[in-house]
Amino acid sequence: VSFGQIVDVIGSDESYLNPQKYTIAGVRVSGAPYYDESAIILISGLTVGKEITIPGDDISSAIKKLWEQELFSDIQILMDGSPKPNGDVYLIIQVEGRPKLSSFTFALNGEVSKSEADKIREIINLYSGKTITESLVKNTENIVRGFYQEKGYWKTSVTITQEMDTTAFNSRKFLITVNKGEKIKIGAINF
């Protein structure tokens with residue numbers, strides 16, 4: 001996963017020492033077939049007619065704004081061809097969408113009973129179509145682990161394996177594997 005890249009649109013290392021002002025004459029989006037391209041452009045702030053400096057903070061700011069949406073696993077902003085003699089530039093916002101969750105199940109290893117699975121389903125807030133992020137995976141693991149720690153299983157380990165779902169575009173299934181470990185009971189508390 002990359003946090004986005006800024007391509008040297010001028011073509012030499014000297015361009016970084018000599019930034020130029022350009023006017024955006026057009027912007028197109030690549031790699032986002034199921035997203036609203038006009039919304040991506042609007043969020044980026046790279047709209048037609050805007051004056052930008054290349055290299056400069058405008059491109060970095062656009063990547064940051066798009067990254068904050070947590071919809072993409074890779075963002076690049078490229079120049080489409082060379083700058084025009086009048087200072088016009090055409091940009092390409094190239095993105096790679098994060099996968100969506102299609103379903104989730106618990107591993108059939110005997111660790112999770114049906115009633116426990118039903119209770120966990122209520123608290124983990126997973127649903128079909130939810131965007132998969134690293135924090136979603138970690139939060140889900142922590143919630144499941146916390147569920148069992150409240151029941152005295154302090155050494156519970158939780159692993160989420162992602163499997164490609166071939167029935168839907170850019171979708172994955174979660175397989176949640178729980179190893180409860182031994183139940184820990186307090187024998188005595190001495191004061």
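The structure displayed is predicted, hence computed values, not measured ones.

Conventions adopted
- Residues numbered from 1 in each chain as written.
- Predicted model: local features only at pLDDT ≥ 70, side-chain atom pairs only at ≥ 80, totals over all residues.
- Heavy atoms only, no water.
- Pairing = 2+ DSSP bridges.
- Helix = DSSP H or I, 4+ residues; strand = E, 2+ residues; numbered from the N terminus.
- Buried < 20%, exposed > 50% of the residue type's maximum accessible area, 1.4 Å probe, protein only.
- Arc of directions from axis to C-beta.
- Contact = heavy atoms within 4.5 Å.
- Axes fitted to C-alpha atoms, helices over the stretch in contact; angles between N-to-C directions.

1. Structural notes on the pairing of strand β2 (residues 20–30)
Then, in step 1: Where β2 and strand β3 (residues 51–54) come together, four bridges link them in antiparallel fashion. From the neighbouring strand, Lys21 faces β3, where its bridge partner is Thr53.

2. A word on helix α3 (residues 114–124)
Then, in step 1: Within the sequence span of α3, burial applies to Glu116, Ala117, Ile120 and Ile124. Taken down its axis, α3 places every buried residue within 95° of arc, on the same side. Those residues of α3 that are exposed and aimed more than 90 degrees away from the buried face are Lys114 and Glu122.
Then, in step 2: Of the residues one or two after α3, Asn125 is the one with positive phi, at around 55°.

3. A word on the environment of Ala107
Then, in step 1: Relative to the elements of secondary structure, Ala107 occurs in the loop between β6 (100–106) and α3.
Then, in step 2: For Ala107, a relative accessible area of 15% corresponds to the buried category.
Then, in step 3: Separated by 53 residues in sequence, Ala107 and Ile160 place their C-alpha atoms 9.7 Å apart.
Then, in step 4: Not counting chain neighbours up to four residues away, the residues in contact with Ala107 comprise Leu175, Ile176 and Thr177.

4. Looking at helix α2 (residues 57–67)
Then, in step 1: When α2 is considered as a whole, its buried residues turn out to be Ile59, Ala62, Ile63, Leu66 and Trp67. Taken around the axis of α2, the buried residues stretch over an arc of 135°, which confines them to a single face. Exposed and oriented more than 90 degrees from the buried face of α2 are Asp57 and Lys64.

5. A closer look at the sheet that holds β6
Then, in step 1: The strand order β6-β8-β7 describes an open sheet built from three strands, whose pairing is mixed. One side of each edge strand has no neighbouring strand; the edge strands of this open sheet are β6 and β7 (157–165). Strand-to-strand twist across the sheet, computed as the mean angle between neighbouring axes with direction ignored, equals 25°.
Then, in step 2: Across nine bridges, β7 lies against strand β8 (residues 171–179) in antiparallel orientation. Counterpart to Ile160 in the pairing with β8 is Ile176.
Then, in step 3: Taken strand by strand, α3 contacts β6 and β8, and its axis lies near 155° from that of β6.

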